[in-house]
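# Structural description and commentary
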Amino acid sequence: MNVGICLDKHDFLYDIHSLVKSFFPEDEVSIFTDDDEAKKNAERNLLITVSIPDYAGRKETKDALKREIYDTLSVYTGTSLPWGTLSGIRPTKIPMKMLGEMTPDDQILSYLKTNYYVSDSKADLALRTAKKERELLSALPLGDKAYSLYINIPFCPSICLYCTFSSSPVNSWQKHIDEYIDGVCADMRKKRAELLNAGITQAPVTVYIGGGTPTALKAEQLDRILAETEEIWNTSAAFEFTVEAGRPDSFTPEKLSVLKRHGVSRISVNPQTMNDKTLRLIGRSHTRQDTLDAFKMARDAGFDNINMDMILGLPGEGKEEVQKTLDEIAELGPDSLTVHSLAVKRASGLRKTIREDRENDINADRGNFGGLVFENSAELMDLSAKTASSLGMEPYYLYRQKNMKGNLENTGFALPGKECLYNIIIMEEVQTIYAFGAGGSTKFVYPDGRIERIVEPKDVKTWLDRRK
Ligand code: SF4
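Residues numbered from 1 in each chain as written. Predicted model: local features only at pLDDT ≥ 70, side-chain atom pairs only at ≥ 80, totals over all residues.

## Overview of the domain arrangement of the protein
To keep things clear, this is the line we draw: A domain assignment, automatic or from a database, supplies the domain bounds used here.
Considered domain by domain, the protein is made up of domain 1 (1-79) and domain 2 (147-465). Look at where the C-alpha atoms of domain 1 and domain 2 centre, and you get two points 36 Å apart.

The structure is reproduced here in structure tokens:
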């Protein structure tokens, strides 16, 4: 399908593109102006011509234009989008702002529904989440000297087919890992010295070691990077210290005891699904049993704040498969559950890889998924929200990605007191986060609300070479 939207002025092109893509995530979409004859006259299955309305304010104009296009596409496709015309990655942004202005709940809900066509349930979710975020943020230091840390470990035991994190297989990089750790530690020391010179002596508010899979490192490597992090930053004074252990096939009692020894307060054991057939298909080299074992190992090691991640919309997974995963997660009783929607971009890459593998007769043991359904839906999201609620969890953070099929979202649910504060800090952009390691993105948040980013090279070799 090829969809074109022709505007009468060269404005709002990017916003309209995001909205139209939400209706047609896997199709070709072009937005252009009516003086672009070549684009206007190209062959298309659907071409809509729209005049930009003339409101006094730019925001009102944009909102009205998006509603007009939404109405047309909703009738054409016979569908409505749960998040309406909202296309940003932070659905809580509007309720957060309105709560800050002391707007009553009913007015916030009504504004989300009438101005942006947000569905009843999503408006309610956005408001509940925003309230929780505000409550949690109010207990944290957020002044201009407060900051958090992110350390990236871009290595994994194997690479999942849907991965877009530029992670590398740990075994192929083993001989460079010590050099990588040296580089991260040197950068951390340098930054700490800079901050001390600037009179910023306090410990970070939160520390997050992610990736990749930090526990893909050997126990002694993990020990070294954690010991240095602890010493350089005085992490024992942080409000939260997360290591996104992640892959159950990377856990050992020895590594867990290293994490415990260095004061890590929160970890993740991420099954993504509890169906072995799907795990094989998506290239995760662990089984359901590995998840059960890893979770038990983590509890036995004394971790009382364990998150589990799952993905909805995996190939061949409908209601029955998702319910099985949810039931098994509920049985384990994690402290938080993060539910992701498989983004279309990843799904497309996954589908292409599986098709090519089949054609080349590679990975035949991944199983035959016939028609390969990659479909998340509001029904599956509801199932996961119900399970989270039955476990006593509440939504505490929320974000969307581009190209999410069904225009859905990723939601973090947690038991009271077990929320990941770092997730809220990064999403709401309320303080500077210094990032270290390949692919790390330092985000400076200035007192006037300005934001600046410095991004490290994603590729590990480039990152290492630049240090020579
Ligand atoms: S565990 Fe995460 S980072 Fe590692 S390969 Fe899989 S998706 Fe990528």
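Here the narrative resumes.
## So, the site of the ligand
The following threshold applies: All residues are tested the same way: a C-beta atom is placed from the backbone, and lying within 6 Å of a molecule or strand makes the residue near it. Following the grouping adopted for this structure description, the nonpolar residues are Ala, Val, Leu, Ile, Met, Phe, Trp, Tyr, Cys and Pro, the charged ones are Asp, Glu, Lys and Arg, and the polar ones are all others, Gly among them.
Looking at the ligand, the residues that line it are Cys 156, Ile 159, Cys 160, Cys 163, Phe 165, Ser 167, Gly 211, Gly 212, Thr 213, Gly 246 and Arg 247. Residue composition of the shell around the ligand, by class: five nonpolar, five polar and one charged.

## So, helix α6 (residues 120-138)
Where we set the bar: Put simply, DSSP marks the helices as runs of H or I at least four residues long and the strands as runs of E at least two long, and each gets a number from the N terminus on. Working rule for helices: expected span equals 1.5 Å times residues minus one. A residue is called partly exposed when the number of other C-beta atoms within 10 Å of its own lies between 12 and 20, exposed at 12 or fewer, and buried at 20 or more, with C-beta atoms placed from the backbone. Note on contacts: residues are paired as contacts if their backbone-placed C-beta atoms lie within 7 Å.
Taking 1.5 Å of rise per residue, 19 residues should cover 27 Å, and α6 covers 27 Å from first to last C-alpha, within 8% of that figure. What α6 keeps buried is the set Lys 122, Ala 123, Leu 125, Ala 126, Leu 127, Thr 129, Ala 130, Lys 132, Glu 133 and Leu 136. At its buried positions, α6 is contacted by α4 (93-100), α5 (105-116), β12 (394-399) and α15 (421-428).

## With respect to the nonpolar core
In plain terms, the rule: By our criterion, buried Ala, Val, Leu, Ile, Met, Phe, Trp, Tyr and Cys residues that link up through C-beta atoms within 7 Å make up a nonpolar core.
The biggest cluster of nonpolar side chains holds 105 residues, and the ones touching the most others in it are Val 20, Ile 69, Ile 267, Val 269, Ala 298 and Ile 433. Here this core takes six residues from α6, the largest share from any one element. Each of domain 1 (1-79) and domain 2 (147-465) contributes no fewer than three residues to this core. Apart from residues lying up to four places away in sequence, Ala 298 is in contact with Leu 256, Ile 267, Val 269, Phe 303 and Ile 306.

## Some details on the environment of Thr 338
Considering the arrangement of structural elements, one finds Thr 338 in strand β11 (residues 336-341). In sequence terms Thr 338 and Pro 395 are 57 residues apart; their C-alpha atoms lie 9.3 Å from each other. Apart from the residues lying within four places of it in its own chain, the contact partners of Thr 338 are Asn 307, Asp 309, Asn 410 and Gly 412.

## Quick word on the pairing of strand β7 (residues 206-211)
Basically, it comes down to this: A pair of strands is treated as paired once DSSP finds two or more bridges between them.
Of all six residues making up β7, six are buried, and the element is well covered by its neighbours. Of the two faces of β7, both are covered, the one formed by Thr 206, Tyr 208 and Gly 210 as well as the one formed by Val 207, Ile 209 and Gly 211. Direction of pairing for strand β4 (residues 147-153) relative to β7: parallel, over a ladder of five bridges. Residue Asn 152 lies in a different strand from β7, and its bridge partner there is Gly 210.

## Observations regarding the packing of helix α12 (residues 319-332) against helix α14 (residues 378-390)
Condition: Orientation is described by axes fitted as lines to C-alpha atoms, over the contacting stretch for helices, and by angles from 0 to 180 degrees between their N-to-C directions. Here is the rule for angles: anything less than 35 degrees is roughly parallel, anything more than 145 is roughly antiparallel, 65 through 115 is roughly perpendicular, and the remaining ranges are oblique. The handedness criterion is simple: a crossing whose near helix is rotated anticlockwise from the far helix by less than a right angle is left-handed, and one whose near helix is rotated clockwise is right-handed.
Two numbers describe how α12 lies on α14: the axes approach to 10 Å, and their chain directions differ by 15 degrees. Here α12 lies roughly parallel to α14, going by the angle between them. The crossing of α12 and α14 is right-handed. Between α12, through Lys 319, Val 322, Gln 323, Leu 326 and Ala 330, and α14, the contact on the second element is made entirely by Glu 379, Leu 380, Leu 383, Ser 384, Thr 387 and Ser 390.

## Some thoughts on the sheet that holds strand β3 (residues 46-50)
The three strands lie next to each other as β2-β1-β3, forming an open sheet whose pairing is parallel. The open sheet is flanked by β2 (28-33) and β3, the only strands paired with a single partner. Strand-to-strand twist of the sheet, defined as the mean angle between neighbouring strand axes without regard to direction, takes the value 15 degrees. Examined bridge by bridge, strand β1 (residues 2-7) and β2 share six bridges and lie parallel to one another. By the bridge assignment for β2, Gly 4 is matched with Ser 30. Across the sheet, helix α1 (residues 13-23) touches β1 and β2, and the angle it forms with β2 is around 150 degrees.

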